[in-house]
Amino acid sequence: MSARRALAAAAPVAVFVAVGEGTSDRVDDLCLRAEIERVASPRHASVLLVAGGVRERDVASLRRLHDQLPHPRATLCWASDIPAHFGTPRTLPPHAAPVLALRELYRQLLTGEHPSESDLLPDEPPAPWRGIGEYGQGGKGMMGGTPYGRPMPMTDDDLRDGLALDVYTLRLGPFMPTLPAGLVLTLTLQGDVIQHARMESPPLWPAPPSSPHAAHAAAVRQVEPLDESSILHKQGSSAAASESSKLGDSGATGSSAGQSGQDDNRYTPGIARTLAHREHQRAAQHLRGVARMLAVLELAPLAERCRRMACAIQHGDSVPIAPLRKALVRSGAFAAIPAGLGQLDPPMAQALGGAALRAAGDAVDERLHDRAYRELDFRVLTQRDGDVRARLHQWLDEAEQSMHLASRAGDLAPAAASHADERDVGHDPLPADDAVNMPAPNHDAFATLLCGLEWNEAMLVINSFDVAALRRMYRPPKDSPEEAGATHHGHAM
Amino acid sequence: MGGGEAETHAWQRYHLRCYPMLLLFIAFEMEMMFMYPWAVVFVAEGGKALMEMGMFLVILAVGLVYGWREGIFRWQ
Amino acid sequence: MPWLGTLVLLGGSVVFVAVIDSLAFALIAQRPPVNLMRDALLAPWRAVAVSLVRQQNRTEHPDRLNWALAPALYLALAGIGLAVVPLAPGVAVIDSSASVVLWGAVETLTVIAVFLHGWSANAPLPLIGAYRYAAMGLPIMLLSMFVLIGTALPAQSLSVADIVASQHDVWNVLRQPLGLLLFLLLGLSLSLRGPFDYADSADLAGGTASEVSGAARLTWQLARHAMLVAFAAMASSAFLGGYLGPVRAGPWWLALKMLVLITLLVGAGHSLARLPPSRMLTVLWTVLLPLSFLDLALAGVVALW
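Procedures and definitions
Position numbers for residues start from 1 in each chain and track the written sequence from start to end. Working convention: letters from A go to chains and numbers from 1 go to ligands, in the order in which they are written. It should be noted that, the model being predicted, local features are given only for residues of pLDDT at least 70 and side-chain atom pairs only at 80 or more, the latter also being counted only at that level, while totals for whole chains, interfaces and linings use all residues. As a rule here, side-chain values come from all non-hydrogen atoms in the structure, and water together with hydrogens is ignored. To qualify as a helix, a DSSP run of H or I must reach at least 4 residues; to qualify as a strand, a run of E must reach at least 2; elements of each kind are numbered from the N terminus. Each residue gets one of three labels from its accessible area relative to the maximum for its type: buried under 20%, exposed over 50%, partly exposed in between, using a 1.4 Å probe on protein chains only. Should any heavy atoms of two residues lie within 4.5 Å, those residues are counted as being in contact. Criterion used throughout: strands pair if DSSP finds at least two bridges between them. To get an axis, fit a line to the C-alpha atoms, keeping to the stretch in contact for a helix; angles then go from 0 to 180 degrees between the N-to-C directions. The definition used for a disulfide is geometric: two cysteine sulfur atoms within 2.5 Å. We define a nonpolar core as any set of buried Ala, Val, Leu, Ile, Met, Phe, Trp, Tyr and Cys residues linked to one another through side-chain atoms lying within 4.5 Å. Here is the rule for angles: anything less than 35 degrees is roughly parallel, anything more than 145 is roughly antiparallel, 65 through 115 is roughly perpendicular, and the remaining ranges are oblique. Throughout, the ten residues Ala, Val, Leu, Ile, Met, Phe, Trp, Tyr, Cys and Pro are labelled nonpolar, Asp, Glu, Lys and Arg are labelled charged, and all others, Gly among them, are labelled polar. By definition, the buried area sums, over both parts, the 1.4 Å-probe accessible area that each loses when the two are put together. Here, a salt bridge means any side-chain nitrogen of Lys or Arg that lies within 4 Å of a carboxyl oxygen of Asp or Glu. Counted as a polar contact is a pair of N or O atoms within 3.5 Å, where, for protein atoms, one must be capable of donating a hydrogen and the other of accepting one, and residues adjacent in sequence contribute only when both atoms are in side chains. Where each domain begins and ends is defined by an automated method or by a domain database. Handedness of a helix crossing follows the sense of rotation of the near helix relative to the far helix, less than a right angle counterclockwise being left-handed and clockwise being right-handed. The reported arc concerns the directions from the helix axis to the C-beta atoms and nothing else. Only Phe, Tyr and Trp rings are paired, with Trp represented by its six-membered ring, and only when their centres lie within 6.5 Å; those with planes under 30 degrees apart are stacked, over 60 edge-to-face, the remainder tilted. Crossovers are marked right-handed if the path from the first strand over the helix to the second runs clockwise, as seen with the strands pointing away from the viewer.

A. Region of interest: the overall build of chain A. For chain A, the count of helices and strands is 18 helices and ten strands. Going through the 493 residues of chain A one by one, you find that 58% of them count as buried. If you take every contact in chain A between residues at least 6 apart in sequence, the share linking residues at least 24 apart comes to 69%.

B. Examining the sheet that holds strand 5 (residues 90-92) of chain A more closely. Residue and element names in this part refer to chain A. The sheet built from five strands is open, its strands ordered 2-1-3-4-5 with parallel pairing. The strands lining the two open edges of the sheet, one partner per strand, are strand 2 (36-38) and strand 5. The mean inter-strand angle of the sheet, taken between neighbouring strand axes irrespective of direction, is 30 degrees. Most of the contacts of helix 4 (residues 98-111) go to strand 4 (residues 74-78), to which it runs at about 165 degrees, and overall it touches strand 1 (13-19), strand 2, strand 3 (47-51), strand 4 and strand 5.

C. Summary view of the sheet that holds strand 10 (residues 193-201) of chain A. Residues and elements named next belong to chain A. Here we have three strands laid out as an open sheet, ordered 8-9-10, and antiparallel in their pairing. What marks the edges here is a single partner per strand, and that holds for strand 8 (168-172) and strand 10. For this sheet, the mean angle separating the axes of adjacent strands, direction not counted, is 20 degrees.

D. Expanded view of the state of the cysteines. All names here are of chain A. Taken as a whole and judged by the stated rule, the model has zero disulfides over all chains. Just so you know, cysteine 31 is unpaired, no disulfide at all, and the nearest cysteine sulfur is the one on cysteine 311, 11 Å from it. Between cysteine 77, a cysteine without a disulfide, and cysteine 31, which holds the nearest cysteine sulfur, the sulfur-to-sulfur distance is 16 Å. The exposure class of cysteine 77 is buried, given its relative accessible area of 0%.

E. Main features of the nonpolar core. Counting residues in hydrophobic clusters, the biggest one holds 188 residues, and the most contacted among them are Trp455(A) and Trp285(C). Examining the composition of this core, we find that 21 residues originate from one element, helix 5 (residues 124-155) of chain C, more than from any other. Excluding its chain neighbours within four sequence positions, the residues that come into contact with Trp285(C) are Met21(B), Leu24(B), Phe25(B), Phe28(B), Leu64(B), Phe73(B), Pro139(C), Leu142(C) and Pro290(C). In this structure, Leu30(A), Ile36(A), Val99(A) and Leu110(A) belong to the second largest nonpolar core, which totals 30 residues.

F. Geometry of the packing of helix 2 (residues 47-70) of chain B against helix 11 (residues 277-304) of chain C. Look at helix 2 of chain B against helix 11 of chain C: their axes get within 11 Å of each other, and the N-to-C directions meet at 175 degrees. On the basis of their axis angle, the class for helix 2 of chain B and helix 11 of chain C is roughly antiparallel. Contacts between helix 2 of chain B and helix 11 of chain C involve Gly47(B), Leu50(B), Leu57(B), Leu64(B) and Trp68(B) from the former and Thr282(C), Trp285(C), Thr286(C), Phe293(C), Leu296(C), Gly300(C), Val301(C) and Leu304(C) from the latter. Counted by class, the contact of helix 2 of chain B with helix 11 of chain C contains nine nonpolar, four polar and no charged residues.

G. Region of interest: the interface of chain A and chain C. With 59 residues of chain A at the interface, the matching set in chain C holds 47 residues. For the pairing of chain A and chain C, the buried interface totals around 4200 Å² over both sides, and the portion due to carbon and sulfur atoms is 57%. The largest contributions to the chain A side of the interface with chain C come from Arg43(A), His44(A) and Glu298(A), which together make up 17% of the buried area. The interface formed by chain A and chain C contains four salt bridges. Here Arg43(A) and Glu211(C) are joined by a salt bridge, their closest N and O atoms 2.9 Å apart. Along the contact surface separating chain A from chain C lie 18 residue pairs in polar contact (both at pLDDT 80 or more). Those elements that provide at least two residues to the side of chain A that touches chain C are helix 1 (3-10), helix 4, strand 8, helix 7 (275-296), helix 8 (300-314), helix 9 (322-331), helix 10 (333-336) and helix 17 (455-463) of chain A. In terms of residue class, the side of chain A that touches chain C is made up of 33 nonpolar, twelve polar and 14 charged.

H. Examining the domain arrangement of chain A more closely. All names here are of chain A. Along its sequence, chain A is carved into domain 1 (3-111), domain 2 (147-203) and domain 3 (212-473). Of the residues lining the interface, 21 residues belong to domain 2; the matching set on domain 3 comes to 18 residues. Overall, the association of domain 2 and domain 3 removes approximately 1600 Å² of surface from exposure, summing both partners, and the carbon and sulfur fraction of that is 73%. Its largest share of buried area at the contact with domain 3, domain 2 owes to Ile194, Met199 and Pro203, together 29% of the area lost on that side. Our count for the domain 2 to domain 3 interface comes out at zero salt bridges. One can count five residue pairs in polar contact (both at pLDDT 80 or more) joining domain 2 with domain 3. If one sorts the elements of the side of domain 2 that touches domain 3 by residue count, strand 10 sits on top with six residues. Here the residues of the side of domain 2 that touches domain 3 are counted per class, giving 16 nonpolar, two polar and three charged.

I. Highlighting the packing of helix 7 of chain A against helix 14 (residues 388-409) of chain A. All names here are of chain A. At their nearest, the axes of helix 7 and helix 14 sit 8 Å apart, and the two run at 155 degrees to each other. Here helix 7 is positioned roughly antiparallel relative to helix 14, judged by the angle of their axes. Between helix 7 and helix 14 lies a crossing whose hand is left-handed. Contact with helix 7, carried on its side by Leu275, Ala276, Glu279, His280, Arg282, Ala283, His286, Leu287, Gly289, Val290 and Met293, involves Val388, Leu392, Trp395, Leu396, Glu398, Ala399, Ser402, Met403, Leu405, Ala406 and Ala409 of helix 14 and no other residues of that element. Residues that form the contact of helix 7 with helix 14 fall into these classes: 15 nonpolar, four polar and three charged.

J. Highlighting helix 9 of chain A. All names here are of chain A. Leu324, Arg325, Ala327, Leu328 and Ser331 are the residues of helix 9 that are buried. All buried residues of helix 9 lie within an arc of 160 degrees about the axis, which places them on one face of the element. Exposed side chains of helix 9 directed beyond 90 degrees from the buried face belong to Lys326, Val329 and Arg330. Directly after helix 9, the chain includes glycine 332, whose backbone phi takes a positive value near 80 degrees.

K. Structural detail: the packing of aromatic side chains. One pass over the structure, following the stated rule, counts twelve aromatic pairs over all chains. Centroid distance Phe28(B) to Phe293(C): 6.0 Å. Interplanar angle 15 degrees. Geometry classified as stacked. Placement of the pair is Phe28(B) in helix 1 (residues 19-45) and Phe293(C) in helix 11, with the two residues belonging to separate chains. In this structure Phe28(B) comes out as buried when scored by relative accessible area, which is 0%.

L. Looking closely at the side chain of Asn66(C). Residue position: Asn66(C) is located in helix 3 (residues 64-83). Judged by its relative accessible area of 17%, Asn66(C) falls in the buried class.

M. Representation of the pairing of strand 10 of chain A. Residues and elements named next belong to chain A. By the bridge criterion, seven bridges tie strand 9 (residues 184-190) to strand 10 in an arrangement that is antiparallel. By the bridge assignment, valine 184 is partnered in strand 10 with serine 201. Connecting strand 9 to the antiparallel partner strand 10 that follows it, the hairpin turn spans two residues, and glycine 191 within it adopts a positive phi of roughly 70 degrees.

N. Main features of the pairing of strand 4 of chain A. All names here are of chain A. Among the five residues of strand 4, five are classified as buried, and the element is accordingly described as predominantly covered. The alternating pattern of strand 4 places Ala74, Leu76 and Trp78 and Thr75 and Cys77 on opposite faces, both of which are buried. In the classification by handedness, the crossover that spans strand 3, the intervening helix 3 (residues 59-68) and the parallel strand 4 is right-handed.

O. Broad picture of the environment of Ile36(A). Here Ile36(A) shows up in strand 2. Not counting the four nearest positions on each side in its chain, Ile36(A) is found in contact with Pro12(A), Val13(A), Val15(A), Leu30(A), Cys31(A) and Leu102(A).

Here it is as structure tokens:
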């Protein structure tokens, strides 16, 4: 192997992750490793990591994505069946350590042991040039007709100032790193201001279902049950983490828990979950939401720090959140978000529920009805405005509150996990309960929120909702049945 | 675009939202051109030069305030 | 041989920028301190190797000439920007009596280079990045030139060499502190960093750089770093006295000041949030530009004293 390739092999593996069902959190934790560099564009990647089950309707996008990686490239399917017509990529069972496999694959790519994967789709334009006339002209017109090659955009009136310039329609795919995993949008833009927005597919749940009941239901839906993290009790967390770190890969790991130990999960049904554990999961989910928003605000290292904290909290460590909040204030993250952006009016907030509703000022929380929480003097936190800034504050406040509750809870066990609670924590609830006890939104909330917003503001608004709220906003097209179960097979993780 | 596909070429009559702001920018740019020789002779000319450039700036600042009120900085 | 010295300064500083970039990222992200320094020091070389191993890609119907031209133009502008800076008394690659004007031209043409880079790929996200950057980059350039003209007032000359020489008793940062603060914002904008990164931004999945890979991407990244180096050299010369120092005037003082400014800017780029374009535009024109007028007025008053 030449010196250049040897040096390249020592670099962090540039991975573009196509996130599937229930794996977003684990992928985030994986990408905290120093050996992996998660890139924002497939053009900057060497390895395509397909993590978790990919929906049937997303497979075509996955093939397009695959062809966008520059050579030398390879694919690794982790905890996922190989999608249809995808060639023969390497696969990895769900409980294996992906870091070692990725590094090995990358090294083999560079030495040539693993050939670079060829294109899946033909490298031709959709309407190839077929010259008819003397100078090769043909087709029925460049503007508004059906030309050969690709047409140019057509004009339309603009929302803000009435100028009639070109509109551009683009479909942001399911694997876009700026958006939650699985979310497919069709945006019609004039310049960079959104004229129409439509959610084509809802985002996927970031965490696997954790209760045995939900896991059984998932199995009934032809998706195999997904694992739960083996770390449950706060007391056992550090011991378990160090134990599994010995079992995991032998690469250089930091001494802090939460860096490794992620890779060795077992599915343990039926274990009673304490209040502390559940509050830790909730805090971790909120912090991951904060991290997504920080990434949009171009605060990438702070976002990584946030995810690192979320990973540690999910493994049971008690990490203080106040320093993070101070760092956010100092960086101007709150000041950068315009006030009143993405404001929810009361009926929309009622329909969404969860943290978004509490950020809009409504003190509604499932935990109020639980005896264990009442013993701990639980009080519902709310914000006033219901805009993006309020939701960010709400996430941080609730994460801090959750850590506080967890530290005082000891071994208290709450009542059975309610479905709304499961959803708020990012787990997949039972399919029938997606619409439990809440009035459905009677208008296209998503389009109303995004219409007229400029790109950066739109990204901020979309990322200010957690996955549960975004799924509430999804309205399936009237002609097709709800494809609740049409998920490509995902392996147990 | 994360796997999505576009239907048309990306090249378009892009709606440049800051177009009115750019007209004001050109005005200030021309002032900057005048400032170049002004800076070289400033100390020699003394307070008179300061007053004159100040007047130039104030006149342009009136245009700035007018534009601000008209909303040209609002990403129309 | 001023051009040799300039090249050495450029090369060394670009490596420094890359190292500090990855170090700052790792520190702010609170990565575990295992191999932190080693990874940071090796990061630029590994990144170069990775880029060279990777194939250059094509989009469906790009503007090939401009796509290749844009990174080269950006790099050339950075080189010209560094060339106007004097390394020692009387030693500069471009020794003109109006080098400040040349620097202004470099700033403006940077906007064109970034725009071309985003436009050529014929893809929506880079295109949005390109247009957005043009909207922000031009007003920033304006206020930075007002600030530079403020530093030219005590020197009575538009030559950078004279501006450095005029600071032999007191640095401009003490006479015009507001000027340096405003000028540093330009550095972030010229090198597409942090709060002024409207072109290659994360919310556009990499913006103008999202469709390039291989050697073209390497050139672009190199050009960004080189532009930061050129800016740091200009700022050190205009406000911090350039090659002047307490003991012996020479390029080492310039290098020291450049490294300080580079560290400051890289740190700021990683830890300040970016405003949405409409807010930033309003802040630029209604807050920062009047501040630059104020700085100019103060500079004038002080120069006459």
